[in-house]
Amino acid sequence: MLSDPPLTKRQLGCLCLLAGSVLALFTLGADLVGAGRFGGLGPVQRQALAAAGLLAAFGLSLLPLGHRPA
Amino acid sequence: MNPAAHPPAALPADPPEPPRPVPALAAPAPAGARQLLAAAPRPWRMLAVALFALALVALLAQLVIYGDYARALFRFPYDYDQGEGFELYDTVLHARGEWPYRDSQVFPFYTSIYPPLFHLLTVPLVWAFGPQLWTGRLVSFTASLLAAAALGWGVFRASRNRLVGGLAGLTFLASNYTFHVGPLFRQHMTMVAFEVLAIVALAEIDRQPGRAWRRQPAFWLGLAGLLAAGFTKQLALATVMAALGFLFLRGPRRAILSGAGLAAAAGLLYLGIDLATGGQWTISIIRANLNAFDPNQALAFYRQWMQLHLFSVVVAVARLAYEIYLGRLTVYGVWFAAALANGVLSGKFGAGESYFVTTTAAACALAGVALARLWEQAPRRWQRQGARASAVLAIAIPALYLAQARLNLHLPTTGPVYGPVARLLGVPTEAGYYDSQGYTQLGPHPTPADIAAGDRIAALARAATGPVFSEEAGFMFRAGKPIVTNAFPQLVMYQAGLFDPANEIAMIEAHAFGLVILRAQFYPPPVLAALGAHYQPLTEIQMNGFLYRLLEPRER
């Protein structure tokens, strides 16, 4: 059987940081492809960016916790 | 509780000595509430027992009030909450072997926007007793009791503390939100019951970490519960994601395989229904549910939910922070976080307090686990001060449940029993019903006058020529008339560009309906305008605090 160890807190932190960064990039990139009805940052974009920031900050806070199981 | 694992402890005459530190590998089996209470010094123990008894009495009294409210609704033959009659019609269609997902642009302009499982569960009762609103109300009420029992059992399994498990389950039932929607002919509570069953089942994985998931019946039960919850109401998606997220923490590869299997099963079912309904399933279930979002509405619901469930929420949030940074995330912690985030959907047009019932269940479960474990671990955790800490917790825990029960207080305030109780509790009695939430449409018992008002509306519908255009279906079942239109789905589908009311307006202009019954006027604006132009007021009748406007065709 293949090994399938539980996630560590550091790994969970990295995943959250990655997810937050990707969400932020997609949110900011929406304007580049002409999506949205607002000039600049629309209300949905602002909310998505706030969520992305929270997710990334949460991920960062987990990084120092090392290899303890998440 | 297994008596062999937890032999009843003799009550000590004197305060016990502080327990010595125990090596981790020789940790004793978790102590139950009786042992923990027995270990407290006598005066503290007396106070703790009294507080636990008081909390149990308060929560059991709310349970009795809940049962009485359900009994009152079972006897009420009309819609108590708008939409109940349409869910009964969905059930009737399923009982006939027909799908309720239809093209709503042709007569009778009807479709359903909810998945079928709750209605299918109610079908046997409709076969046996006919199209009665009490059938689905009974299923929903039973589901709420099942959810509470499963929740309490889950807390007990996680902590071996039967007392706190019981209080956690009762606290869920005492929530204003559970109380309001529990005995309605709505699919929401059945979804919550499946969610709770799934999460409690998946919690077993942590109890047997060395055993392969596929060999654990609880794992399969958990996946089946998730599938059932999703096919009861779409809102269960957050719980599905939480459960898969928890599995991902424990074993990413196995979680991905589990998620793929679950998605395949759900996808096959979805495609099968979509094929059988000619694509109307996707239009009704997915596209018609993408409604406008109001962040202020969501914030108002968050604020109200937190005020009403403050003590449970504070403990659950503290436990979640502990699990994230000091301990290990449990399925209850992940579920609570996901449900809390999912509450944002309460900002959708047409959403309500029911969107927080899952969050309430998750908060009750996580808070119960937190308190029971903290109490059980206190003697070891604080060593020299352990006995004192345990005694303090023995008093603080029931006090907290008592305070939470007070925050959720709701009861009728008139009658030979409720009247004196309400006066004793010092709550206002003028309105006939008190709810700590403030004004609520749901909660007060329907009266004989409400039934008489419903009978009058049904009699007018029965006497009308041809079909009746009614915003509530309950009257039509009593009048023996066909169900025409489903107001709210029609409105949201119109807003989404999925409903063209031209055919409906043509029938209104032709006076094809002998009577129109309006309550909240949740129809597309052009439909309301056509009704105003071609129908005139006949009478107004009040039922359950709502004014029903009845219109007849204008003379040409």
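Before reading further, recall that the structure is shown in the block above.
Q: Help me out: how do you make sense of the packing of helix 8 (residues 188-202) of chain B against helix 11 (residues 237-250) of chain B in this one?
A: Helix-helix packing is described using two parameters, namely the angle between the two axes and the distance between the axes. Residues and elements named next belong to chain B. It is at 11 Å that the axes of helix 8 and helix 11 come closest, and there the two elements cross at 5 degrees. One way to sum up the angle between helix 8 and helix 11 is to call them roughly parallel. When helix 8 is examined against helix 11, the residues Glu195, Ile199 and Leu202 are found in contact with a partner set consisting of Thr239, Ala243, Phe246 and Leu247. Class assignment of the residues belonging to the contact of helix 8 with helix 11 gives a composition of five nonpolar, one polar and one charged.

Q: When you look at the packing of aromatic side chains in this model, what are you seeing that I'm missing?
A: Working definition: an aromatic ring pair is given by the centre-to-centre distance plus the angle between the planes. Residues and elements named next belong to chain B. For the coordinates displayed, the defined rule picks out 28 aromatic pairs over all chains. Between the aromatic rings of Phe52 and Trp375, the centroid separation amounts to 5.6 Å while the plane-to-plane angle is 20 degrees, which identifies the pairing as stacked. Placement of the pair is Phe52 in helix 2 (residues 42-74) and Trp375 in helix 17 (residues 357-381), with a sequence separation of 323 residues. Here the two residues Phe52 and Trp375 agree in accessibility, since each one is buried. On the basis of an interplanar angle of 50 degrees and a centroid distance of 6.0 Å, the ring pair of Tyr66 and Phe179 is categorised as tilted.

Q: Explain the environment of Pro416 of chain B here, please?
A: Relative to the assigned elements, Pro416 of chain B resides in the loop between strand 1 (410-412) and helix 19 (418-425). With 375 residues separating them in the primary sequence, Pro416 of chain B and Pro41 of chain B have C-alpha atoms 42 Å apart.

Q: What should I look at first to understand the pattern of salt bridges in this one?
A: Charged atoms that come close allow side chains of opposite charge to pair. All names here are of chain B. All told, the structure shown has 14 salt bridges over all chains when counted by the stated rule. When the shortest N-O distance is used, the salt bridge between Glu323 and Arg319 registers 2.9 Å. Of this pair, Glu323 and Arg319 are both found in helix 15 (residues 310-325), four residues apart, which corresponds to roughly one turn of the helix. By relative accessible area, Glu323 is classed as buried at 0%. Note on Arg319: relative accessible area 11%, which makes it buried. When the shortest N-O distance is used, the salt bridge between Glu376 and Arg380 registers 3.4 Å. A residue pair is termed a helical-turn pair when its members lie 3 or 4 positions apart in one helix, as Glu376 and Arg380 do in helix 17 at four residues. With a relative accessible area of 30%, Arg380 lands in the partly exposed category.

Q: Would you explain the interface of chain B and chain A in this entry?
A: Interface size is commonly expressed as the accessible surface area that is lost when the partners come together. With 15 residues of chain B at the interface, the matching set in chain A holds 18 residues. Here chain B and chain A share an interface that buries about 1,400 Å² over both sides, 54% of which is from carbon and sulfur atoms. In this assembly, chain B and chain A are joined by one salt bridge. Notably, a salt bridge pairs Asp4 of chain A with Arg254 of chain B, separated by 2.7 Å at the nearest N-O pair. Those elements that place two or more of their residues in the side of chain B that touches chain A are helix 11, helix 12 (252-276) and helix 15 of chain B. Its residues assigned to classes, the side of chain B that touches chain A comprises eight nonpolar, two polar and five charged.

Q: I tried to follow the layout of surface pockets on my own but got confused; where do I start?
A: Rolled over the atoms, a probe with the dimensions of a water molecule shows which regions are left empty. Considered as a void within the structure, the second largest pocket measures approximately 860 Å³ in volume. Looking at the second largest pocket, it is lined by 23 residues, and the ones nearest its centre are Cys16, Leu55 and Phe58 of chain A together with Val334 and Ala337 of chain B.

Q: Looking at this structure, I do not really get the packing of helix 17 of chain B against helix 18 (residues 386-407) of chain B. What am I missing?
A: Residue and element names in this part refer to chain B. Helix 18 packs onto helix 17 with a crossing angle of 160 degrees between their chain directions and a minimal axis gap of 7 Å. In terms of orientation, helix 17 lies roughly antiparallel with respect to helix 18. The chirality of how helix 17 crosses helix 18 is left-handed. Residue-level inspection shows Ala367, Gly368, Leu371, Leu374, Trp375, Ala378 and Pro379 of helix 17 in contact with helix 18, the latter providing Gly386, Ala389, Ser390, Leu393, Ala394, Ile397, Leu400 and Tyr401. For the contact of helix 17 with helix 18, the residue count by class is twelve nonpolar, three polar and no charged.

Q: How should I be thinking about the sheet that holds strand 3 (residues 468-470) of chain B in this particular structure?
A: To summarise the sheet geometry, strands pair through backbone hydrogen bonds and adopt either a parallel or an antiparallel arrangement. All names here are of chain B. Taken together, four strands build an open sheet; the order of strands is 3-4-6-5 and the sheet is mixed. Two strands in the sheet have a free side with no partner beyond their single neighbour: strand 3 and strand 5 (535-543). Sheet twist, expressed as the mean angle between neighbouring strand axes with direction ignored, is 20 degrees. Pairing of strand 4 (residues 515-518) with strand 6 (residues 546-553) involves three bridges; the strand directions are antiparallel. Counterpart to Leu518 in the pairing with strand 6 is Arg549.

Thresholds, definitions, all that
Residues numbered from 1 in each chain as written. Chains lettered and ligands numbered in written order. Predicted model: local features only at pLDDT ≥ 70, side-chain atom pairs only at ≥ 80, totals over all residues. Heavy atoms only, no water. Axes fitted to C-alpha atoms, helices over the stretch in contact; angles between N-to-C directions. Helix = DSSP H or I, 4+ residues; strand = E, 2+ residues; numbered from the N terminus. Parallel < 35°, antiparallel > 145°, perpendicular 65-115°, else oblique. Contact = heavy atoms within 4.5 Å. Nonpolar A, V, L, I, M, F, W, Y, C, P; charged D, E, K, R; others polar. Phe/Tyr/Trp six-rings, centres within 6.5 Å; stacked < 30°, edge-to-face > 60°. Buried < 20%, exposed > 50% of the residue type's maximum accessible area, 1.4 Å probe, protein only. Salt bridge = Lys/Arg side-chain N within 4 Å of Asp/Glu carboxyl O. Buried area = accessible area lost by both parts, 1.4 Å probe. 1 Å grid on protein atoms, 1.4 Å probe; cavity = no way out; pocket = protein on both sides within 12 Å on 5 of 7 lines; lining within 4 Å. Points joined across faces, edges and corners; volume = space filled by probe spheres on them. Left-handed = near helix turned anticlockwise from the far one by under 90°. Pairing = 2+ DSSP bridges.

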